[in-house]
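# Tertiary structure, described
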Amino acid sequence: MKKLMLKNILPVVLLLMLTIGFTNPAFSQCAMCRASVESNVGTGGSEGSNSVGSGLNMGILYLMVIPYVLIGTVGFLWYRSNKKKKEATIE
């Protein structure tokens, strides 16, 4: 039973590792955020403008990660629940 599970999980883990290993960091901005940064630079805020843009990018990435964490948590809890049900039916 464990060999069968290992055969099913191994390709998924390898694909996940390859996907994570060969990606470039994605730093993007929405139109309003970009306008805010450009207006900050235009008004002479050149000293802190780089940190403002970097902060906006990190905020966008933070907001993007939250749904994936939630979906992953629900998926893990569902997997664990199904595993316990299968073990209970076998015994």
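No experiment lies behind these values; they were computed from the predicted model shown.

Rules of the game
Residues numbered from 1 in each chain as written. Predicted model: local features only at pLDDT ≥ 70, side-chain atom pairs only at ≥ 80, totals over all residues. Heavy atoms only, no water. Helix = DSSP H or I, 4+ residues; strand = E, 2+ residues; numbered from the N terminus. Buried < 20%, exposed > 50% of the residue type's maximum accessible area, 1.4 Å probe, protein only. Areas by Shrake-Rupley, 256 points an atom, 1.4 Å probe, with all protein chains shown as cover. 1 Å grid on protein atoms, 1.4 Å probe; cavity = no way out; pocket = protein on both sides within 12 Å on 5 of 7 lines; lining within 4 Å. Points joined across faces, edges and corners; volume = space filled by probe spheres on them. Nonpolar A, V, L, I, M, F, W, Y, C, P; charged D, E, K, R; others polar. Patch = residues over 30% accessible without salt bridge, like charges linked within 9 Å, V, L, I, M, F, W, Y side chains within 5 Å. Salt bridge = Lys/Arg side-chain N within 4 Å of Asp/Glu carboxyl O. pLDDT = per-residue confidence, 0-100.

### Description of the overall build of the chain
Summing up its helical and strand segments, the chain has three helices and zero strands in all. Written out in order from the N terminus, the α and β elements of the chain read α-α-α. Considering the chain as a whole, with its 91 residues, one finds that 8% of them fall into the buried category. Roughly 8,200 Å² of accessible area belongs to the chain as shown, and the carbon and sulfur atoms make up 70% of that amount.

### Quick word on the layout of surface pockets
Roughly 180 Å³ of volume is contained in the second largest pocket. Lining of the second largest pocket is provided by Ile9, Val12, Val13, Leu16 and Tyr79. With four residues, helix α1 (residues 2-21) is the single largest residue contributor to the lining of the second largest pocket. Among the residues forming the lining of the second largest pocket, the class breakdown is five nonpolar, no polar and no charged.

### Points about a nonpolar patch on the surface
Together, Ile9, Leu10, Val13, Leu14, Met17, Phe76, Leu77 and Tyr79 give the surface a local cluster of nonpolar side chains, amounting to about 740 Å² of exposed area. Counting only elements with at least two residues in the nonpolar patch, the list comes to α1 and α3 (46-90). Ranked by residue count, the leading element in the nonpolar patch is α1, at five residues. Summarising the element assignment, valine 13 is placed in helix α1. With a relative accessible area of 37%, valine 13 lands in the partly exposed category.

### Observations regarding the confidence of the model for the chain
On average, residues of the chain score 77 in pLDDT, and 70% of them are at 70 or above. Within the chain, no element has a lower average pLDDT than helix α2 (residues 31-42), which sits at 71, and none a higher one than α3, at 83.

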